[in-house]
Amino acid sequence: MASVEYPHGSEPYSTLEVRNVESSTPQDLGTSNKEAVPNPDSQYPQVVDPPTTWESPKLEANDTDTDTTAVLEQDGEAAKRSICGLSSRSFYIILAVVIIIIIGAIAGGVAGGLVSRQNNSSTTSSPTSDTDTTTNVNVLGESKLAASNWTDAQGNTHRSVFFQDPYNSIIARQWDSQNKTWETRNISQLMKSSTGGPIHPKSGTSLASASSDSRWGSLYEIFLWFSEAADGEEIISWVTSNNPVDEPNFWNYNATDLRTWNGTQLAAAWQRCPYDHCAGFWAVAYQGREGYIRMANASNWMNNTKATIRANAVSASCSLALLPALNGNFVDGLTLASNRRPASMERSTFLGDWNWKQDDGTILDDVDPLHTRQFAATTMNNWNEALFAALSNDGGIRASRWDGKAYSPIPEITFAQGQSTNFSAIAMTIDAMMYGIADDQIWEYSVDTTDPSTFTLASKVYP
């Protein structure tokens, strides 16, 4: 213990300090937290802390508590360098981890987007892809199209276009040259109150339509055929409007016993009567359960029909197109186009009494069934010419022209003023109009009958 000289004598004194609270107030020895112990170097008692108090650290030679000072200095520096309540080191470690996570998430999102884009591109270009998987709001993604036209007694042209909406309902869009506006009719909704019962078309069913404008009794009718499920099989059903001028919202429904190949395509035509005193005939081409291409007609819808084309000659879910045709001087003939194996569009010709010439020439070569969605056809130049089209899985169209003597492939179709030509379904009327579904919309094009390689945009049918 260090001591100093007392100024008034030689008595030494202790260097320990007494706390102010007790030094300034008289203390009782019994209640004081000080105790006196003998000091051999001094005649005065020395004051020490009780045993329960902490022991003062030993001082270095320079009387400085270096450990305590270092801690205090570090704490002060840490307090100065803290960020958001954390030490700077902890803060920067956490910040680095967060940045790495964000960069990883961005990189993963970009990579996922590129992979998704590649997958979508692969799906679009896949030869077996025939369904648009995009979520649509106007038209069912896998909807097919059907279209037909007729002319009334005043010479006005009427057109009907049929498709399925995202709720699987069959929708009709109808136009006439007098009003020049498209009107919408939900056929499925109109049939709900029918005594024949509501209709239940298969999702993505093939659709086929034909209309009549017979001079016999001024008969105007619109027919639409589609597929329904019955006892685990597919059958052909139809709806018809028997008075489209005065009662456009009145439709009738009928189902047949005609069992079909699952996923059959349909094609229909009104076979005109060569005389003024008859109404003509309805004809529908389809693929039967055994794979044969068969022809049904209005004389007896309820019975299976005679095979027109043998099963091993055509593809599964065979693409079909059916057109009225000249038979001599009268338009009472029929021409059927079918997708043949291995890869062609072939022609079959109606001979009369429901007899057909099965193989009557090639319409278009290199039409691979695995790369083809469907066919469509139209007549031109007062029944003397025709155009047959094949829609590919990639949305493109190839075509062949009948000039009355021979078929000539069209190298390329030009869509003048077209909005979108990546079609998922097409249809044609017999007055050289074509309809196509693209980008959740339906477009109408007119075919240039002098140069059928040019399709000119006429209107947007829907929405």
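As a convention, each chain's residues are numbered from 1 in the sequence order in which they are written. Residue-level local features of this predicted model are given only where pLDDT is at least 70; pairs of side-chain atoms are given and counted only at 80 or more, and the full residue set underlies all totals for whole chains, interfaces and linings. Excluded from the side-chain calculation are hydrogens and water; included are all heavy atoms of the structure.

Draft legend 1. The arrangement of the overall build of the chain in detail. When helices and strands are counted, the chain shows 4 helices and 28 strands. Three exposure classes are used, based on accessible area relative to the maximum for each residue type with a 1.4 Å probe and protein chains only: buried under 20%, partly exposed in between, and exposed over 50%. Across the 463 residues that make up the chain, the buried fraction comes to 43%. Throughout, a contact is declared for two residues whenever any of their heavy atoms are within 4.5 Å. Residue pairs at least 24 apart in sequence account for 48% of intrachain contacts in the chain once pairs closer than 6 positions are excluded. Accessible surface, the chain: about 25,000 Å² in total, of which carbon and sulfur atoms supply 51%. Numbering goes from the N terminus for both helices and strands, where a helix is a DSSP run of H or I of at least four residues and a strand is a run of E of at least two. Under the convention used here, a 1.4 Å probe and the Shrake-Rupley method define accessible areas, while residue burial counts only the protein chains that appear.

Draft legend 2. Quick look at the sheet that holds strand E22 (residues 397-402). Taken in spatial order, the 4 strands line up as E20-E21-E22-E23 in an open sheet, and their pairing is antiparallel. Unpaired on one side and paired on the other, strand E20 (372-380) and strand E23 (407-410) mark the two borders of the sheet. Shown here is a sheet whose adjacent strand axes are inclined to one another by a mean of 20 degrees, direction ignored. Examined bridge by bridge, E20 and strand E21 (residues 385-392) share 8 bridges and lie antiparallel to one another. Among the inter-strand pairings, Thr-372 is bridged to a residue of E21, identified as Ser-392. In this analysis, strands are considered paired if DSSP registers two or more bridges between them. Interaxial angle, 0 to 180 degrees, is taken between N-to-C directions of lines fitted to C-alpha atoms, where a helix line uses only the stretch in contact.

Draft legend 3. Representation of the pattern of salt bridges within the structure. By definition here, a salt bridge exists when the distance from a side-chain nitrogen of Lys or Arg to a carboxyl oxygen of Asp or Glu is within 4 Å. For the structure on display, the rule yields 14 salt bridges. Residue Arg-294 is joined to Glu-290 by a salt bridge in which the shortest nitrogen-to-oxygen separation is 3.7 Å. Residue Glu-290 is classed as partly exposed on the basis of its relative accessible area of 42%. Two residues, Glu-385 and Arg-401, come together in a salt bridge whose shortest N-O distance is 2.8 Å. Here Glu-385, found in strand E21, pairs with Arg-401, found in strand E22; they are 16 residues apart in sequence, far enough to count as distant. Put simply, Asp-231, Glu-233, Asp-257, Arg-259 and Arg-289 are held in one network by salt bridges that share partners.

Draft legend 4. Seen up close, the environment of Lys-202. Looking at where Lys-202 falls in the secondary structure, it is placed in the loop between helix H4 (187-191) and strand E7 (208-214). Sequence spacing of Lys-202 and Ala-229 is 27 residues, and the spatial spacing of their C-alpha atoms is 6.9 Å. Apart from the residues lying within four places of it in its own chain, the contact partners of Lys-202 are Gln-164, Asn-168, Ser-227, Glu-228, Ala-229 and Glu-234.

Draft legend 5. Geometry of a nonpolar patch on the surface. A patch consists of residues whose relative accessible area exceeds 30% and which take part in no salt bridge; residues with like charges are grouped when within 9 Å of each other, and nonpolar side chains (Val, Leu, Ile, Met, Phe, Trp, Tyr) when within 5 Å. A cluster of nonpolar residues, Tyr-92, Leu-95, Ile-99 and Ile-103, forms a patch on the protein surface that exposes about 390 Å² of accessible area. For Tyr-92, the position within the fold is in helix H3 (residues 88-125).

Draft legend 6. Spatial organisation of the nonpolar core. Residues Leu-387, Ile-397, Phe-415, Phe-423, Met-434, Tyr-445 and Phe-455 are the most contacted members of the largest nonpolar core, which totals 21 residues. For this core, the secondary-structure elements that each account for two or more residues are E20, E21, E22, strand E25 (425-429), strand E26 (433-438), strand E27 (441-447) and strand E28 (454-462). Dropping the residues within four chain positions of it, Met-434 is found in contact with Ile-397, Phe-415, Phe-423, Ala-427, Met-428, Trp-443, Glu-444, Tyr-445 and Phe-455. Within this scheme, the nonpolar core is defined by two criteria: the residues are buried Ala, Val, Leu, Ile, Met, Phe, Trp, Tyr or Cys, and they are joined through side-chain atoms within 4.5 Å.

Draft legend 7. Layout of the sheet that holds strand E9 (residues 233-241). Across the sheet, which stays open at both edges, the 4 strands sit in the order E7-E8-E9-E10 with antiparallel pairing between neighbours. Because the sheet does not close on itself, it has two edges, and the strands there are E7 and strand E10 (252-260). Adjacent strand axes in the sheet meet at a mean angle of 25 degrees when their direction is disregarded. Here E9 pairs with E10 via 6 bridges, running antiparallel. Across the sheet, the residue bridging to Thr-240 is Asn-252, located in E10.

Draft legend 8. Quick peek at the packing of aromatic side chains. Here the aromatic set is Phe, Tyr and Trp, taking the six-membered ring for Trp, and pairing holds for ring centres within 6.5 Å; pairs whose planes are under 30 degrees apart are stacked, those over 60 apart are edge-to-face, and all others are tilted. According to the stated counting rule, one finds 17 aromatic pairs in the structure shown. A ring pair is formed by Phe-223 and Trp-238, whose centres lie 6.4 Å apart and whose planes are at 25 degrees; its orientation type is stacked. Taken together, the residues span a long stretch of sequence, with Phe-223 in strand E8 (residues 219-230) and Trp-238 in strand E9 at a distance of 15 residues. Of the two residues, Phe-223 and Trp-238, both sit in the buried class. Aromatic pair Phe-415 and Phe-455: ring centres 5.5 Å apart, planes at 80 degrees, arrangement edge-to-face. Of the two residues, Phe-415 is situated in strand E24 (residues 414-416) and Phe-455 in strand E28; the sequence distance between them amounts to 40 residues. The same class applies to Phe-415 as to Phe-455, namely buried. Joined through ring pairs, the aromatic side chains of Phe-223, Trp-225, Trp-238, Trp-270 and Trp-282 make up one cluster.

Draft legend 9. How the structure looks around the side chain of Arg-185. Counting through the fold element by element, Arg-185 comes out in strand E6 (residues 183-186). Side-chain polar atoms of Arg-185 contact the backbone oxygen of Pro-248, separated by 3.5 Å. Apart from the residues lying within four places of it in its own chain, the contact partners of Arg-185 are Ile-170, Ile-171, Ala-172, Gln-174, Leu-190, Pro-248 and Asn-249. Each polar contact in these results corresponds to two N or O atoms within 3.5 Å; when the atoms are within protein, one needs to be able to donate a hydrogen and the other to accept it, and residues that are neighboring in sequence are counted only if both atoms are side-chain atoms.

Draft legend 10. Structural context of the pairing of E20. Most of E20 is tucked away, with 9 of its 9 residues classed as buried. Between E20 and E21, which pair antiparallel and follow one another directly, the connecting turn spans 4 residues, one of which, Asn-381, has a positive phi of 55 degrees.

Draft legend 11. Structural view of the environment of Ser-446. Of note, Ser-446 is situated in strand E27. The sequence separation of Ser-446 and Met-428 amounts to 18 residues, and the corresponding C-alpha distance is 9.7 Å. In contact with Ser-446, not counting residues within four places along its chain, are Ala-432, Met-433, Thr-454, Phe-455 and Thr-456.

Draft legend 12. Broad picture of unusual backbone geometry. Cis peptide bonds are those with omega within 30 degrees of zero, and the linkage from Arg-341 to Pro-342 qualifies with 0 degrees. Put simply, Tyr-462 and Pro-463 share a cis peptide bond, and its omega is 0 degrees. By the element assignment, Pro-463 lies in the segment after E28. Positive phi values are uncommon outside glycine, yet Asp-366 reaches one of about 55 degrees. On the secondary structure map, Asp-366 appears in the loop between strand E19 (362-365) and E20. Looking at Asp-366, the relative accessible area reads 63%, which means it is exposed. Within the chain, Ala-432 stands out as a residue other than glycine whose phi angle is a positive 65 degrees. Structurally, Ala-432 can be placed in the loop between E25 and E26.

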